[in-house]
Amino acid sequence: MKLLSIGNSFSTDSHKFLHSLAEQNGVSLECYNLFIGGCSLETHWQNLVENNEFYDLEINGSEATRKISINEALLMEKWDVITVQQASAFSGMFETYEPYLTDLVAVVREKVPKAKIYFHETWSYEIGSLHEGFLNYNSNQKEMHLRIKEASKKASDLINAEIIPTGDVVQFVRENIPEFDYKSGGISLCRDSFHLSEDYGRFLAGAVWFKKLTAKNLKEQPFMGFDSEIVEKLIKTVNDRV
């Protein structure tokens, strides 16, 4: 399977362990990510129209080695899956999606008609985050989560695409696995109050993507030296909920 994400740092987080997770679970999954920090759907559309080579091309969770345009990326491989997403600060504000989402996906489908399109539902910020985008949601994690979920559903319906429910699973873990009850002193799934943590946060996102894209349950086995009991809980959550 070959995957291309038209994304930003939130798809970078999601891709970090995805290739290695797939290998560990017996699946060949080549993961390509187009990265511009904080890139919105409006900017993606502008870059597509202007053929701007502004994206860092990240492959299998590695650092980028060159710049690329969306147009070049769409034609560089025979993609099986292409994902799109909104910038995190606007992810729960559906009024910021259009007409850019519809126009972007129309071009993707024209150029890569055999690829399956997914919409990536991103996660809400950590409690107490000072990110200016958090103000769009009254600096309330639960409100941000619910609005992202609602906007993602509208977006997926609009473009007839399935959702990769990373945000939903992240919020479930925060609220249901005691080790990640941040408000009570637990582990944060974010490293800077909005990007995912470099260990369990990114692992969880990669697991969600793997399960959604392959429909295969993840094996409960050690990963990257993480706490095995915590990994087991995260894998069970993903296998049960995605």
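Thresholds applied
- Residues numbered from 1 in each chain as written.
- Predicted model: local features only at pLDDT ≥ 70, side-chain atom pairs only at ≥ 80, totals over all residues.
- Heavy atoms only, no water.
- Helix = DSSP H or I, 4+ residues; strand = E, 2+ residues; numbered from the N terminus.
- Rg over C-alpha atoms; globule rule 2.2 N^0.38 Å.
- Buried < 20%, exposed > 50% of the residue type's maximum accessible area, 1.4 Å probe, protein only.
- Core = buried A, V, L, I, M, F, W, Y, C linked by side-chain atoms within 4.5 Å.
- Contact = heavy atoms within 4.5 Å.
- Axes fitted to C-alpha atoms, helices over the stretch in contact; angles between N-to-C directions.
- Parallel < 35°, antiparallel > 145°, perpendicular 65-115°, else oblique.
- Left-handed = near helix turned anticlockwise from the far one by under 90°.
- Patch = residues over 30% accessible without salt bridge, like charges linked within 9 Å, V, L, I, M, F, W, Y side chains within 5 Å.
- Areas by Shrake-Rupley, 256 points an atom, 1.4 Å probe, with all protein chains shown as cover.
- Salt bridge = Lys/Arg side-chain N within 4 Å of Asp/Glu carboxyl O.
- Lys, Arg positive; Asp, Glu negative; His and termini not counted.
- Charge placed at Lys NZ, Arg CZ, Asp CG, Glu CD.
- Disulfide = S-S within 2.5 Å.
- 1 Å grid on protein atoms, 1.4 Å probe; cavity = no way out; pocket = protein on both sides within 12 Å on 5 of 7 lines; lining within 4 Å.
- Points joined across faces, edges and corners; volume = space filled by probe spheres on them.
- Nonpolar A, V, L, I, M, F, W, Y, C, P; charged D, E, K, R; others polar.
- Expected span 1.5 Å × (residues − 1).
- Arc of directions from axis to C-beta.
- Polar contact = N/O pair within 3.5 Å; in protein donor to acceptor, adjacent residues only side chain to side chain.

Chemist: Now, about the overall build of the protein: what can you tell me, with residues and values included?
Modeler: Of the regular secondary structure elements, the protein holds nine helices and seven strands. Here the C-alpha radius of gyration of the protein, 17 Å, is about what a compact globule of 242 residues would show, namely 18 Å. The principal-axis extents of the C-alpha atoms in the protein amount to approximately 50 × 45 × 30 Å. Burial status across the protein gives 55% buried among its 242 residues.

Chemist: Any chance you could break down the nonpolar core for me, citing the residues and the numbers?
Modeler: In terms of nonpolar packing, the biggest core is built from 44 residues, with Leu3, Val173, Phe180, Tyr200, Phe203, Leu204 and Leu234 touching the most fellow members. Every element with two or more residues in this core is listed here: α2 (18-24), α6 (141-159), α7 (166-176), α8 (200-214) and α9 (228-241). Beyond its immediate stretch of four places on either side in the chain, phenylalanine 180 contacts Val173, Arg174, Ile187, Leu189, Tyr200, Ile230 and Leu234. Grouped together as the second largest cluster of nonpolar side chains are 31 residues, Leu4, Tyr32, Ile36 and Val108 included.

Chemist: Help me get a handle on the packing of α7 against α8, residues and values and all.
Modeler: Close contact between α7 and α8 brings their axes to 10 Å; oriented N to C, the two are set at 130°. By the angle class used here, α7 and α8 are oblique. Classified by chirality, the crossing of α8 by α7 is right-handed. Residue-level contacts link Thr166, Val169, Val170 and Val173 of α7 to Leu204, Ala205, Val208 and Trp209 of α8.

Chemist: Quick one: what's the story with a negative patch on the surface, residue by residue and with numbers?
Modeler: On the surface, a cluster of negative charge is made up of Glu220, Asp227, Glu229 and Glu232. Take aspartate 227: it is sitting in the loop between α8 and α9. Judged by its relative accessible area of 36%, aspartate 227 is partly exposed.

Chemist: Go over the state of the cysteines with me, naming the residues and quoting the values.
Modeler: Among covalent bonds in proteins, the disulfide is the one between the sulfur atoms of two cysteines. Under the counting rule described, the total for this entry stands at zero disulfides. The closest cysteine sulfur to the non-disulfide-bonded cysteine 39 is located on cysteine 31, 20 Å from its own sulfur. Exposure remark for cysteine 39: the relative accessible area of 2% places this residue in the buried category.

Chemist: Describe the environment of asparagine 140, listing the residues and the values that go with them.
Modeler: Note that asparagine 140 resides in the loop between β6 (116-120) and α6. Classification of asparagine 140 as partly exposed rests on a relative accessible area of 35%.

Chemist: I'd like a description of empty space enclosed by the protein, backed by residues and values.
Modeler: Enumeration over the complete set of coordinates arrives at one cavity of 30 Å³ or more. Space inside the largest cavity adds up to approximately 30 Å³. Together, Leu21, Gln24, Asn25, Phe203, Leu218, Lys219, Gln221, Phe223 and Ile235 line the largest cavity. When its residues are assigned to classes, the lining of the largest cavity shows five nonpolar, three polar and one charged.

Chemist: Requested: an account of α6, with residues and values cited.
Modeler: When the terminal C-alpha atoms of α6 are compared, their 27 Å separation across 19 residues agrees well with the 27 Å that a helix rising 1.5 Å per residue should span. Listed in full, the buried residues belonging to α6 are Gln141, Met144, His145, Ile148, Ala151, Ser152, Ala155, Ser156 and Ile159. For α6, the buried positions fall inside an angular range of 140° around the axis, keeping them on one side. Summarising the contacts, the buried residues of α6 are in contact with β5 (81-84), α5 (100-111), β6, β7 (162-164) and α7. Where α6 begins, the side chain of asparagine 140 points an oxygen toward the backbone nitrogen of lysine 142, at a separation of 3.0 Å.

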